[in-house]
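Examination of the molecular architecture
Each chain, letter by letter, is given below.
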Amino acid sequence: MRIVSFGSINYDLSIWLDRLPGPDETLPAQRIEAFSGGKGANQATAAARLGAVAQMAGCVGRDDRGRWLLEALNESGVDTSLVRVVDEPTGTAVPLITPSDVCIVVVAGANASTGAADADKAAEAIAAADVLLLQGEVGAAGARRAAQAARSGGTIVVFNPAPVDLFLVEAVVPLADVLVVNRAEQAQIEGIASRCDTVVTLGGRGAQIGDVLIPSYPAEVVDPTGAGDAFCAALGVALAEERSLVEAVRFANAAGALSVQTPGAQPSMPSRSAVEALLDSSPNPDLPA
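For the structure given in this document, a descriptive report is provided here. Source: prediction; values computed, not measured. (Residues numbered from 1 in each chain as written. Predicted model: local features only at pLDDT ≥ 70, side-chain atom pairs only at ≥ 80, totals over all residues. Heavy atoms only, no water.)

Concerning the overall build of the protein chain
- On a plain count of helices and strands, the protein chain comes out with nine helices and 13 strands.
- Relative to the 2.2 N^0.38 estimate, which gives 19 Å for 289 residues, the radius of gyration of the protein chain is 18 Å and therefore close to what a compact globule would have.
- On the principal axes, the C-alpha backbone points of the protein chain span a range of 50 × 40 × 40 Å.
- Counting over 289 residues, the protein chain shows a buried share of 54%.
- Intrachain contacts of the protein chain at a sequence separation of at least 6 include 67% that bridge at least 24 residues.
- Carbon together with sulfur atoms contributes 52% to the accessible area of the protein chain, which is approximately 12,000 Å² in total.
- Counting 19 positive and 34 negative side-chain charges, the protein chain places the centres of these two groups 3 Å from one another. (Helix = DSSP H or I, 4+ residues; strand = E, 2+ residues; numbered from the N terminus. Rg over C-alpha atoms; globule rule 2.2 N^0.38 Å. Buried < 20%, exposed > 50% of the residue type's maximum accessible area, 1.4 Å probe, protein only. Contact = heavy atoms within 4.5 Å. Areas by Shrake-Rupley, 256 points an atom, 1.4 Å probe, with all protein chains shown as cover. Lys, Arg positive; Asp, Glu negative; His and termini not counted. Charge placed at Lys NZ, Arg CZ, Asp CG, Glu CD.)

What follows is the structure, encoded as structure tokens:
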């Protein structure tokens, strides 16, 4: 399996709170910790841990954070030869984690430099890959060019338009094979014509394809940051293995359930053995073919 992730690489500064602050309110936090993150880098990391040959294409800054993030990717087995080092500061995200949810503030930084030239540099690798993973944290021009390279090589395009940028969505959706959205994202992009299969993630309930619900797995939620990225990467890996979309979603649900049980985005991306153990312990024979 060969997977290319074209997207963001972020330095995550995660903060745990009892609840989110209101207007003009100052709240104490229980904990703050730095993690490696970024939707693109999270998905590349998850793909590598699930057994794929994973490459990351994107940008980091010429700073300590950028160097640290590249080291984290390399340690997870991700090929970073397609990552460009730029003069802008490395992208930063601040996940605000409460007992019920996570909200994330993102400063694009170097990720804003990821564009068509980076896609052109990665075009050969993308065309040779089984799956291209795309997200919403880089610009439309680069994402579209990457998707075009995938289409020219017969590479499956899995697109997770988060955060939603309608210009980017309109540029990429016509070239995507599988669209992964949550309920809020689905509502935001309603009306945009799509030829691709759509998977709607439902948090603890699982995920849905049309009228078919594929249930998730019980999990004690410690930090939901990155759960969607674990899901998307696992979906891509399963599709690269030529599983049906329903079976691919089941595999992805297991990866997502495991990821919420560990703090941090990239640290929570599960191993192949952990996903397979969960699937073996929780068979679901009632799934449709």
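Read on for the rest.
Let's talk about the side chain of Thr-90
- On the secondary structure map, Thr-90 appears in the loop between strand 5 (79-86) and strand 6 (91-97).
- Polar side-chain contacts of Thr-90 include one of 2.6 Å to the side chain of Asp-63.
- There is a polar contact of 3.2 Å between the side chain of Thr-90 and the backbone nitrogen of Gly-66.
- In this structure Thr-90 touches Ile-9, Tyr-11, Val-60, Gly-61, Asp-63, Arg-65, Gly-66, Leu-69 and Ala-110, once residues within four positions along its chain are discounted. (Polar contact = N/O pair within 3.5 Å; in protein donor to acceptor, adjacent residues only side chain to side chain.)

A closer look at the packing of helix 7 (residues 227-240) against helix 8 (residues 245-259)
- The N-to-C vectors of helix 7 and helix 8 enclose an angle of 145°; their axes lie 7 Å apart at closest approach. In terms of crossing hand, the pair formed by helix 7 and helix 8 is right-handed. Between helix 7 and helix 8, the contacting residues are Ala-227, Ala-230, Phe-231, Ala-234, Leu-235, Val-237, Ala-238 and Leu-239 on the first element and Leu-245, Ala-248, Val-249, Phe-251, Ala-252, Asn-253, Ala-255, Gly-256 and Ser-259 on the second.
- Here the residues of the contact of helix 7 with helix 8 are counted per class, giving 14 nonpolar, three polar and no charged. (Axes fitted to C-alpha atoms, helices over the stretch in contact; angles between N-to-C directions. Left-handed = near helix turned anticlockwise from the far one by under 90°. Nonpolar A, V, L, I, M, F, W, Y, C, P; charged D, E, K, R; others polar.)

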